[in-house]
Amino acid sequence: MSTFAEFLINGISLGSIYALIALGFVVIFRATEVVNFAHASLLLAGGYVTAVLHDEIGFWPALLAGIAGAAVVGAAVEFFVMRRHRGGDHSVLAIVTIGVDILLATELTRRIGTDILALGDPWGDAVVTVGPVTIAETRIAALLAAALLITAFLVAFRYTSWGVAMRAAAENQETAALMGIRLGRVSLGAWAVAGGLAAVAALFLTVFPTPGLERGTSLAALKAFPAAILGGLDSTTGALVGGLLVGVTESLATGYQSDLAFLGRGIGDLAPYLVMVAVLLIRPAGLFGTKELARV
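How each quantity is defined
- Residues numbered from 1 in each chain as written.
- Predicted model: local features only at pLDDT ≥ 70, side-chain atom pairs only at ≥ 80, totals over all residues.
- Heavy atoms only, no water.
- UniProt positions renumbered as here; feature names shortened; annotations may be inferred.
- Helix = DSSP H or I, 4+ residues; strand = E, 2+ residues; numbered from the N terminus.
- Buried < 20%, exposed > 50% of the residue type's maximum accessible area, 1.4 Å probe, protein only.
- Salt bridge = Lys/Arg side-chain N within 4 Å of Asp/Glu carboxyl O.
- Phe/Tyr/Trp six-rings, centres within 6.5 Å; stacked < 30°, edge-to-face > 60°.
- Lys NZ or Arg CZ within 6 Å of the ring centre and 35° of its normal.
- Patch = residues over 30% accessible without salt bridge, like charges linked within 9 Å, V, L, I, M, F, W, Y side chains within 5 Å.
- Areas by Shrake-Rupley, 256 points an atom, 1.4 Å probe, with all protein chains shown as cover.
- Expected span 1.5 Å × (residues − 1).
- Pairing = 2+ DSSP bridges.
- Core = buried A, V, L, I, M, F, W, Y, C linked by side-chain atoms within 4.5 Å.
- Contact = heavy atoms within 4.5 Å.
- Polar contact = N/O pair within 3.5 Å; in protein donor to acceptor, adjacent residues only side chain to side chain.

J.: How would you summarise the UniProt feature "transmembrane region" (unreviewed entry) in the protein if you had to cite specific residues and measurements?
T.: Under the feature "transmembrane region" (unreviewed entry), the UniProt entry names residues 12-29, 59-80, 92-113, 140-157, 188-208 and 270-290. Counted over residues 59-80, helix gives 100% and strand 0%. Its end C-alpha atoms are 31 Å apart. Taken end to end, residues 188-208 comprises 90% helix and 0% strand; its first and last C-alpha atoms sit 33 Å apart.

J.: Describe in detail unusual backbone geometry, supporting the description with residues and values.
T.: Omega for the bond connecting Phe 208 with Pro 209 falls within 30 degrees of zero, at 15 degrees, which places this linkage in the cis form. Turning to its location among the elements, Pro 209 is positioned in the loop between helix H8 (183-206) and helix H9 (220-231). Not every positive phi belongs to a glycine, and Glu 33 is a case in point at roughly 60 degrees. Residue position: Glu 33 is located in the loop between helix H1 (2-32) and helix H2 (39-57). The exposure class of Glu 33 is partly exposed, given its relative accessible area of 32%.

J.: Describe the pattern of salt bridges, listing the residues and the values that go with them.
T.: Side-chain pairing between opposite charges can occur once the charged atoms of the two side chains come close. Enumeration according to the criterion identifies four salt bridges in this entry. Note that Glu 250 is salt-bridged to Lys 223, the shortest N-O span being 3.1 Å. Of the two residues, Glu 250 sits in helix H10 (residues 236-255) while Lys 223 sits in helix H9, which places them 27 residues apart along the sequence. Several salt bridges share partner residues, and in doing so they unite Glu 107, Arg 110 and Arg 111 into one network.

J.: Run through the packing of aromatic side chains, naming residues and quoting values.
T.: Geometry of an aromatic ring pair is reported as the spacing of the ring centres plus the angle between the planes. This structure, assessed with the given rule, holds 10 aromatic pairs. Ring centres of Phe 59 and Trp 60 lie 4.8 Å apart, and the angle between their planes is 70 degrees; this geometry places the pair in the edge-to-face category. The exposure class assigned to Trp 60 is exposed, which follows from its relative accessible area of 51%. Ring centres of Phe 79 and Phe 80 lie 5.1 Å apart, and the angle between their planes is 85 degrees; on these two criteria the pair is classed as edge-to-face. Given a relative accessible area of 34%, Phe 79 falls into the partly exposed group. Judged by relative accessible area, which is 57%, Phe 80 ranks as exposed. Within the aromatic cluster, the residues linked to one another by ring pairs are Phe 59, Trp 60, Trp 123 and Phe 204. Here the basic side chain of Arg 84 rests over the ring of Phe 79, its NZ or CZ set 5.2 Å away from the ring centre.

J.: Residues and numbers for a nonpolar patch on the surface, please.
T.: A cluster of nonpolar side chains, namely Phe 4, Leu 8, Ile 12 and Leu 143, defines an oily patch on the protein surface of about 270 Å² accessible area. Relative to the elements of secondary structure, Leu 143 occurs in helix H5 (residues 137-159).

J.: Please set out H1 residue by residue, giving values where relevant.
T.: Under the 1.5 Å per step criterion, the end-to-end length of H1 is 45 Å for 31 residues, consistent within 8% with the ideal 45 Å. Glu 33 lies just past H1 and shows a positive phi near 60 degrees.

J.: Outline the side chain of Ser 13, supporting the account with residue identities and numerical values.
T.: By the element assignment, Ser 13 lies in helix H1. Taking relative accessible area as the criterion, Ser 13 reaches 1% and is therefore assigned buried.

J.: Tell me about the environment of Asp 89, residues and numbers included.
T.: As for its placement among the helices and strands, Asp 89 is situated in the loop between helix H3 (59-82) and helix H4 (90-112). Note: C-alpha distance between Asp 89 and Ala 190 (101 residues apart in sequence) is 19 Å.

J.: Could you give an account of the pairing of strand E2 (residues 133-136), naming the residues involved and the relevant values?
T.: Pairing analysis gives four bridges linking strand E1 (residues 127-130) to E2, with the strands arranged antiparallel. In the sheet register, Val 130 faces E2, and the bridge partner there is Val 133. Where E1 folds back on E2, the antiparallel hairpin that results is connected by two residues, among which Gly 131 adopts a positive phi of roughly 65 degrees.

J.: Account for the nonpolar core, with residues named and values stated.
T.: Core analysis: the largest hydrophobic core is formed by 71 residues, its most contacted members being Ile 21, Leu 203, Phe 204 and Leu 205. If we skip the residues at most four places from it in the chain, Leu 203 touches Phe 59, Leu 63, Leu 119 and Trp 123.

J.: Tell me about the side chain of Thr 217, and name the residues and values.
T.: Mapped onto the secondary structure, Thr 217 falls in the loop between H8 and H9. Take Thr 217: its relative accessible area is 8%, and that puts it in the buried class. Within the structure, the side chain of Thr 217 is placed 3.0 Å from the backbone nitrogen of Glu 214, a separation counted as a polar contact. Excluding residues that lie within four positions of it along the chain, Thr 217 makes contacts with Leu 43, Leu 44, Thr 206 and Gly 212.

J.: I'd like to hear about the environment of Ala 170, residue by residue, with values.
T.: Note that Ala 170 resides in helix H6 (residues 161-171). A relative accessible area of 24% means that Ala 170 is categorised as partly exposed. The sequence separation of Ala 170 and Phe 29 amounts to 141 residues, and the corresponding C-alpha distance is 8.3 Å. Each residue touching Ala 170, except ones within four places of it in the same chain, is listed here: Arg 30 and Glu 33.

The following block contains the structure:
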């Protein structure tokens, strides 16, 4: 029972990190109706800035710099690339983000090389033991940080003028523009927020028990993509639920991998996608996604 509790708590913590990444997908999709496949590069950029600067200026200033750096990169992609093609086909714009991801990832992986970069976090390999359950402090910090950031975002999304503007743009962009909402600012803010959330997620994906930031770290965003899809790409609540569901599923599947050997090796990495497919077979719009109605 203690083993199951450890797997469950680790899964919830990991799921909260995936929820941060999935929320970035959802924010951009709601603002622009474009699926952002460059999100993995935003995550890698934020983690890289933190890793490079923490020795010189300390961990917390470096983390803030990483968040700001990823936000700036996201805003730059929106301003210099996406904005030039506003009004175009959304499928084409999604393909454009793939090209942006290739360019950014190529440069970042060239800089990282074969190194594994530490981010200088203050938790190290410390653990907390409660009865028979042992949890890494980094997992607890990840859960608390994700809960705080997601709550702050939902409050801002609900009560601030930026949140109202984004909800209006998500409902109907043409009507929102006619009502005086500047869609460019909404889109720019969405990309910046998504970048900042990705930078925080990069931190907790690369601290203990993982060795650090490496070229493959950005692949974690691919695990968060099923969370956004199964929760519903236009639902902020769905991003949270989807992230937790994917995290718990991956943790349990990996933890009990020896008992699931008949399903093949690496079932923990495959499990999130199996869950996504199972949910989409029942609810094609996702758990909390909006169903599109067409009048014929």
